[in-house]
Amino acid sequence: TYGITEVSSPAWLPDGYTLNDIDVIYLADSDFLYINAEYTCEDQVMHFEIVDYTAGPIVQVEKTSAPVELFEIDGIDVYLFENINNSAASWLTDHFECHITGVVDVETLKHVVLSIYSK
């Protein structure tokens, strides 16, 4: 609907997770787009956020002192790390910043990210 071709929905999710909700904020006058897809498994939640940017990324993501893992897919650097309550994956495309957070381990998030680009 919004012409996004740089990133898509995950083709793989951890066992039991299903799409529960999608929230979209689109401001046509400023061309701002924010998408949050919520995936749930019982009481566990995983969020996939896509935010467009023009002058630079705007989202700040907190992390613990644990090391950050970096991997590359299709020329995109993906950062995997832990914050206090979740694990997170963050990366930038040419027009979007993308974040996945959830109460899953970083290897699981890595598989989710890889499935986004394996279609």
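Residues numbered from 1 in each chain as written. Predicted model: local features only at pLDDT ≥ 70, side-chain atom pairs only at ≥ 80, totals over all residues. Heavy atoms only, no water.

Undergrad: Where do I start with unusual backbone geometry in this structure?
TA: A negative phi angle characterises most non-glycine residues, just as the trans form characterises most peptide bonds. Phi is positive for Asp31, close to 60°, though the residue is something other than glycine. The topology assignment puts Asp31 in the loop between strand E1 (18-27) and strand E2 (32-41). Residues other than glycine seldom take positive phi values, yet Asp74 does so here, at roughly 50°. Position of Asp74 relative to the elements: it lies in the loop between strand E4 (69-73) and strand E5 (76-82). (Helix = DSSP H or I, 4+ residues; strand = E, 2+ residues; numbered from the N terminus.)

Undergrad: Is there a simple way to think about the sheet that holds E1 in this case?
TA: Consider a sheet: its strands pair through backbone hydrogen bonds, and that pairing is either parallel or antiparallel. Ordered by their spatial adjacency, seven strands build an open sheet running E1-E2-E3-E7-E6-E5-E4, and the pairing between neighbours is antiparallel. The sheet is open, and its two edges are formed by E1 and E4, each paired on a single side. Direction aside, neighbouring strands of the sheet carry axes that sit 15° apart on average. Alignment of E4 against E5, held across five bridges, turns out to be antiparallel. Note on E5: the bridge partner recorded for Phe71 is Val78. (Pairing = 2+ DSSP bridges. Axes fitted to C-alpha atoms, helices over the stretch in contact; angles between N-to-C directions.)

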